[in-house]
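For reference, the chains in residue letters:
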Amino acid sequence: MTERPSRAGTTGAWWRWPRSLVLALGLGILVSLPSLNVGLLLDDLVHRLVLSGRLSSMGDWGPLTLYEFVGGPRSDPMRLRESGLLPWWASDSLVVRFFRPVPSALLSLDAWLFDDAPFPAHLHSLAWFLGLVTLVGWFHRRLLPPSVAALATVLYAVAAAHLFPVAWLASRHPLISALLGLLAVASHVRAREEGWKPGRVLAPLLMVAALLSGEAALGSVALLGAYEVFGRREGWRRATVELLPFAVLAMLYLGFYASQGYGARGSGGYLDPIGAPGAFLATLLQRVCILAGELVVATPSDAATGTPALHSGFAAWGALTTAGALLMLRALRPHLSEQERATLRWLLPGGLAATIPGAAGVIGGRVLMVPLLAGSALAAVLIVRGWAAAREASLPRRHQLLLRAAVVVLVLGHVVLGPLFRVGLGVALGRIADAQWRIAREAPPCEGTLVMVAASDPSVSLYVPAAMLLQGRAPRLYRLLSAAPHDHVIERTSPEAFDLVVSGAPRHPGFWELVNRDTPPPVGTKLRLGDLNITVLESNDAGFMRAHFDFGKALESTELCFVTWSGDGLRAITLPPPGEHLSLPYSQGPARL
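These lines cover the structure that appears in this document, whether it is placed above or below. Given the structure is predicted, the values throughout are model-derived calculations rather than measurements. (Residues numbered from 1 in each chain as written. Predicted model: local features only at pLDDT ≥ 70, side-chain atom pairs only at ≥ 80, totals over all residues. Heavy atoms only, no water.)

1. Thoughts on the sheet that holds strand β3 (residues 263-265)
Phase 1: One open sheet holds the 3 strands; their spatial order is β1-β2-β3, and the pairing between them is antiparallel. Where the open sheet ends on each side, the last strands, each with one partner, are β1 (68-70) and β3. Averaged over all neighbouring strand pairs, the angle between strand axes comes to 15 degrees, with direction disregarded.
Phase 2: As paired elements, β1 and strand β2 (residues 95-97) share 2 bridges and run antiparallel to each other. The residue bridging Val70 from the neighbouring strand is Val96, located in β2. (Pairing = 2+ DSSP bridges. Helix = DSSP H or I, 4+ residues; strand = E, 2+ residues; numbered from the N terminus. Axes fitted to C-alpha atoms, helices over the stretch in contact; angles between N-to-C directions.)

Structure, rendered in structure tokens:
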């Protein structure tokens with residue numbers, strides 16, 4: 001089906017193998033350098049707490065279950081709310097559990113080997129990344145002409161989508177599942193095209209390992225399906241026979257996932273196809289369009305992760321650029337080699353289908369490790385063939401300008417803006433990690449209940465208390481009252497209670513509000529957490545607007561420590577007397593949320 005690259009002239013030009021691979025690996029390492037300096041970040045802190053045994057009384061997490069955050073046998077939302085690990089508004093039906101034993105085991109190994117030192121653990125992540133780039137280079141070399149293959153591999157290596165998997169240890173799992181899943185695809189392709197008999201056994205075994213590493217492995221199954229249906233084109237019967245082992249594995253995996261309560265439900269950050277199928281499909285389509293924008297023109301989807309208001313704009317841009325790329329591909333069809341046509345015929349639908357598993361979760365480039373194989377190939381074909389076609393004298397001047405403009409947009413996105421975003425955000429993540437530890441060190445001391453009145457940024461509202469626990473400065477108990485990205489007003493109603501009012505219109509949901517609940521708590525919601533009684537007095541479709549908090553004791557008690565996020569740290573606040581109020585201005589946290 002595919003042309004094998006000639007082995008003649010393998011030295012000289014940069015696009016010849018293996019020089020092209022060395023270039024891609026070198027550039028990939030270069031744009032990853034800031035990521036290697038990122039300290040323990042966000043979920044990394046929770047993982048370290050779990051592995052240290054300090055959370056053993058609060059849940060059933062362990063070395064193989066680090067991603068089973070909420071909804072396990074001993075980690076139900078009510079229990080975690082009571083302990084302070086979840087905010088009070090977290091849904092009773094909240095489930096955020098992912099079956100990822102292989103990445104969990106590797107993170108546990110990191111902690112055992114390197115303790116809390118992040119740098120060697122980052123080198124571990126970098127090794128997975130370089131292995132993935134090497135495998136993708138093998139695919140591109142096999143499927144595309146040499147110059148196009150070389151550019152495609154370089155574009156893959158420098159893509160902004162790799163930022164979080166390389167920089168954030170807890171987000172390493174997409175690299176693992178993608179490498180193992182694509183190894184399964186490679187084994188299957190070799191078995192089909194070369195008669196390589198070990199591939200018949202290795203491909204299913206590698207796919208099992210990929211599925212044990214993360215849900216993104218389902219994208220590799222989709223890629224295999226596209227290869228058999230649109231690539232081989234030997235009829236549905238033959239395709240069914242070839243795909244049967246992988247289809248059975250996928251069905252067994254999904255059946256196990258559902259029967260054991262894995263997945264994400266009750267969260268606005270993740271999609272639930274069972275509870276709300278209509279909303280699921282609409283939001284899924286929007287997120288696929290956002291991810292398509294990153295695949296086609298390298299518009300970083302991570303820029304929209306924490307800001308739902310941006311999603312519709314990013315989706316429209318993704319749909320527009322995808323349509324433009326397909327029109328450009330159609331116009332360039334006479335300029336494509338037969339090898340390129342045959343490759344894109346299956347690689348493009350396979351890559352698009354591979355985005356769907358990731359689109360069901362929190363949006364971000366980390367879910368594109370498998371689809372990016374197709375995205376980088378498409379971009380390279382459009383750049384190389386588009387530029388060559390634009391130089392043909394027989395082409396009308398207007399068409400030449402359009403093609404050149406399109407190539408410039410593609411180069412600007414993939415070669416300039418995407419890598420710069422990756423480097424810049426890598427530096428920013430390092431600062432966020434440092435800020436978490438600094439804020440925890442400088443937080444006002446508290447031996448009772450630390451009450452964080454308002455902090456919309458989860459790097460503060462969740463992970464600073466985790467850092468305090470790791471530093472040995474943890475309070476006896478922790479409560480978060482609001483994560484709304486707005487000004488707040490405390491209205492003291494009695495010696496033991498106050499109303500917390502969210503100011504500003506229109507009300508926007510905070511990222512941490514969305515992750516912990518799919519719908520805002522309605523008016524009249526009542527909740528008791530130990531001595532704290534909470535009543536929602538006003539609410540709208542974005543979140544609560546006024547809630548009453550009765551602490552069951554005088555608010556001036558030494559058992560209560562009230563703080564709020566302000567500027568660059570946690571500030572202790574003195575509550576007003578009954579009948580008075582205190583304004584708390586909103587300020588963004590280290591993660592700009």
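2. Some details on unusual backbone geometry
Residues apart from glycine generally show negative phi values, whereas peptide bonds are mostly found in trans.
Phase 1: Pro18 follows Trp17 through a cis peptide bond whose omega is 5 degrees.
Phase 2: By the element assignment, Pro18 lies in the segment before α1 (19-32).
Phase 3: In this structure, Pro506 follows Ala505 across a cis peptide bond, with omega equal to -5 degrees.
Phase 4: For Asp115, which is not a glycine, the phi torsion comes out positive at approximately 60 degrees.
Phase 5: Its location among the elements puts Asp115 in the loop between α4 (101-114) and α5 (118-143).

3. Comments concerning the pattern of salt bridges
Phase 1: On inspection of all chains with the given rule, the structure shows 24 salt bridges.
Phase 2: With a closest N to O distance of 3.4 Å, Asp116 and Arg48 form a salt bridge. Of this pair, Asp116 sits in the loop between α4 and α5 while Arg48 is found in helix α2 (residues 43-52), placing the two residues 68 residues apart along the sequence.
Phase 3: Take Asp116: its relative accessible area is 41%, and that puts it in the partly exposed class.
Phase 4: Owing to a relative accessible area of 7%, Arg48 belongs among the buried residues under this scheme.
Phase 5: Arg507 is paired through a salt bridge with Glu513; the nearest N and O atoms lie 2.9 Å apart.
Phase 6: A relative accessible area of 8% places Arg507 in the buried class. (Salt bridge = Lys/Arg side-chain N within 4 Å of Asp/Glu carboxyl O. Buried < 20%, exposed > 50% of the residue type's maximum accessible area, 1.4 Å probe, protein only.)

4. Observations concerning the packing of helix α16 (residues 397-442) against helix α18 (residues 463-470)
Phase 1: The interhelical angle for the contact between α16 and α18, taken along N-to-C directions, is 65 degrees, at an axis separation of 8 Å. As summarised for this structure, α16 and α18 are arranged roughly perpendicular, according to the angle between their axes. Once α16 is placed against α18, the crossing between them reads as right-handed. On the side of α16, the interface is formed by Gln436, Trp437, Ile439 and Ala440, while α18 contributes Tyr463, Val464, Ala467, Met468 and Leu470.
Phase 2: Taken together, the residues that form the contact of α16 with α18 break down as 8 nonpolar, 1 polar and no charged. (Parallel < 35°, antiparallel > 145°, perpendicular 65-115°, else oblique. Left-handed = near helix turned anticlockwise from the far one by under 90°. Contact = heavy atoms within 4.5 Å. Nonpolar A, V, L, I, M, F, W, Y, C, P; charged D, E, K, R; others polar.)

5. Focus on the sheet that holds strand β9 (residues 532-540)
Phase 1: Here 6 strands make up an open sheet; going across it, the order is β8-β9-β10-β7-β6-β13 and the pairing antiparallel. The strands lining the two open edges of the sheet, one partner per strand, are β8 (526-529) and β13 (581-584). Adjacent strand axes in the sheet meet at a mean angle of 20 degrees, parallel and antiparallel pairs treated alike.
Phase 2: The pairing of strand β7 (residues 497-502) with strand β10 (residues 543-550) spans 5 bridges and is antiparallel. What sits directly across from Val501, in β10, is Arg546.

6. Let's talk about the pairing of β8
Phase 1: Going residue by residue along β8, you find Leu527 and Leu529 tucked away on one face and Lys526 and Arg528 left uncovered on the opposite face.
Phase 2: In this structure, β8 lies alongside β9, joined through 4 bridges in antiparallel fashion. By the bridge assignment for β9, Leu529 is matched with Leu532.
Phase 3: Two successive antiparallel strands, β8 and β9, enclose a turn made up of 2 residues, where Gly530 displays a positive phi of approximately 60 degrees.

7. Regarding the packing of aromatic side chains
Phase 1: Per the stated rule, a full pass over the model turns up 16 aromatic pairs.
Phase 2: An angle of 90 degrees between the planes, with centres 5.8 Å apart, marks the rings of Trp88 and Trp89 as edge-to-face.
Phase 3: Residue Trp89 is classed as buried on the basis of its relative accessible area of 3%.
Phase 4: Relative to Phe549, the ring of Phe498 has its centre 6.1 Å away and its plane inclined at 45 degrees; by these criteria the two rings are tilted. One end of the pair, Phe498, is in strand β7; the other, Phe549, is in strand β10, and 51 residues separate them in sequence. Grouping residues by exposure puts Phe498 and Phe549 together as buried.
Phase 5: Three or more aromatic residues link up through ring pairs in this structure, and these residues are Trp88, Trp89, Phe498, Phe544, Phe549, Phe551 and Phe562.
Phase 6: A cation over a ring is seen here: Arg100 above Tyr67, with NZ or CZ 5.0 Å from the ring centre. (Phe/Tyr/Trp six-rings, centres within 6.5 Å; stacked < 30°, edge-to-face > 60°. Lys NZ or Arg CZ within 6 Å of the ring centre and 35° of its normal.)

8. So, a nonpolar patch on the surface
Phase 1: A surface patch of nonpolar side chains, about 420 Å² in accessible area, is lined by Leu412, Val415, Val416, Leu417 and Leu420.
Phase 2: Note on placement: Val416 falls in helix α16.
Phase 3: Overall, Val416 belongs to the partly exposed group, its relative accessible area being 33%. (Patch = residues over 30% accessible without salt bridge, like charges linked within 9 Å, V, L, I, M, F, W, Y side chains within 5 Å. Areas by Shrake-Rupley, 256 points an atom, 1.4 Å probe, with all protein chains shown as cover.)

9. Brief notes about α4
An α-helical turn contains 3.6 residues, so any two residues separated by three or four positions project in the same direction.
Phase 1: Along its 14 residues, α4 runs 20 Å from first to last C-alpha, staying within 8% of the 20 Å computed at 1.5 Å per residue.
Phase 2: Buried within α4 are the following residues: Pro101, Pro103, Ser104, Leu106, Leu107, Ser108, Asp110 and Ala111.
Phase 3: Those residues of α4 hidden inside the fold are in contact with α2, α5 and α8 (173-194).
Phase 4: Two residues or fewer after α4 comes Asp115, characterised by a positive phi angle close to 60 degrees. (Expected span 1.5 Å × (residues − 1).)

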